[in-house]
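Notes for the structure review
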Amino acid sequence: MYRRRGQNTRCLTAIYHLLDTYPSGEEPQSVLVMQGQALMDLNRPQQATDAFLAAIQHGPPSADLCFYLAQSYSAAGRGTEASAAAQQALVINGAHEPSRQLLAQLAAQMGPTAPQRR
């Protein structure tokens, strides 16, 4: 509810309170994903990356989760890791359009990777 209203700090505080109710290591994947999304909303991509990586360790990753991880890597300036995460999303769901779009954006940002002929 807080996230939909744009109350990102309140959203993150509520998520931290929720996470505190679980024993360490037993946090639900969905709550860790929400934590990562809230951190992205607050422009904290490195912390969001950590939350998404924790979420992946708490259950099988979905294409959406891999995409969120790719977005956080990209926002943190880690293009290679972003590409790998987006490609993993496509392994899970080959029709995952947001991952395809992100890969195209990353490719455009990185420029040609093949050696230039002279």
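Summarised in this report is the structure supplied together with it. The numbering scheme is per chain: residues are counted from 1 as the chain's sequence reads. It should be noted that, the model being predicted, local features are given only for residues of pLDDT at least 70 and side-chain atom pairs only at 80 or more, the latter also being counted only at that level, while totals for whole chains, interfaces and linings use all residues. Side-chain numbers come from the whole structure's heavy atoms, not from hydrogens or water.

Here we come to the overall build of the protein chain. Numbering of helices and strands runs from the N terminus; a helix is a DSSP stretch of H or I covering at least four residues, while a strand is a stretch of E covering at least two. Check the secondary structure of the protein chain and you find six helices and zero strands. Along the chain direction, N to C, the helices and strands of the protein chain fall in the order α-α-α-α-α-α. Expressed along its principal axes, the backbone C-alpha trace of the protein chain runs to roughly 60 × 25 × 25 Å. For the protein chain, the share of sequence-separated contacts (at least 6 apart) that also reach a separation of at least 24 residues comes to 46%. In this description, accessible areas are obtained by the Shrake-Rupley approach with a 1.4 Å probe, and a residue is regarded as covered only by the protein chains that are shown. Of the roughly 7,300 Å² that the protein chain leaves accessible, carbon and sulfur atoms contribute 50%. Placing the 9 positive and 8 negative side-chain charges of the protein chain at their respective mean positions leaves the two points 11 Å apart. Contacts: residue pairs with any heavy atoms within 4.5 Å of one another. Asp and Glu count as negative and Lys and Arg as positive, but His and the ends of the chain are not part of the count. Lys charges are placed at NZ, Arg charges at CZ, Asp charges at CG and Glu charges at CD.

Looking now at the side chain of S83. Mapped onto the fold, S83 is located in helix α5 (residues 79–92). For S83, the residues in contact, after removing those within four places along its chain, are L103, L106 and M110.

Another aspect to go through is the packing of helix α3 (residues 45–57) against helix α4 (residues 63–75). In this analysis, axes come from line fits to C-alpha atoms, helices being fitted only over the stretch in contact, and the angle between any two N-to-C directions falls in the range 0 to 180 degrees. Following both chains from N to C, one finds α3 and α4 inclined at 155°, their axes separated by 8 Å at the closest point. With respect to their mutual orientation, α3 and α4 come out roughly antiparallel. Both α3 and α4 take part in a crossing whose hand is left-handed. Of the residues in α4, those touching α3 at P45, A48, T49, F52, L53, A55 and I56 are L65, Y68, L69, S72, Y73 and A75. When its residues are assigned to classes, the contact of α3 with α4 shows 11 nonpolar, two polar and no charged. Note on angle classes: values under 35 degrees are labelled roughly parallel, values over 145 roughly antiparallel, values of 65 to 115 roughly perpendicular, and the remainder oblique. Handedness of a helix crossing follows the sense of rotation of the near helix relative to the far helix, less than a right angle counterclockwise being left-handed and clockwise being right-handed. Residues are grouped as follows: Ala, Val, Leu, Ile, Met, Phe, Trp, Tyr, Cys and Pro are nonpolar; Asp, Glu, Lys and Arg are charged; every other residue, Gly included, is polar.

Along the polypeptide, T21 turns up in the loop between α1 (8–19) and α2 (29–41). Assessed through its relative accessible area of 57%, T21 is described here as exposed. When the C-alpha positions of T21 and I56 are compared, they lie 20 Å apart, and in sequence the two are 35 residues distant. A polar contact of 2.5 Å, which involves the side chain of T21, links it to the backbone oxygen of L18. Exposure categories follow from relative accessible area, calculated using a 1.4 Å probe and restricted to protein chains: below 20% of the type maximum is buried, above 50% is exposed, and the middle band is partly exposed. Identification of polar contacts relies on pairs of N or O atoms within 3.5 Å, with a donor-acceptor requirement for protein atoms, meaning one able to donate a hydrogen and the other able to accept it, and with residues adjacent in sequence counted only if both atoms are side-chain atoms.

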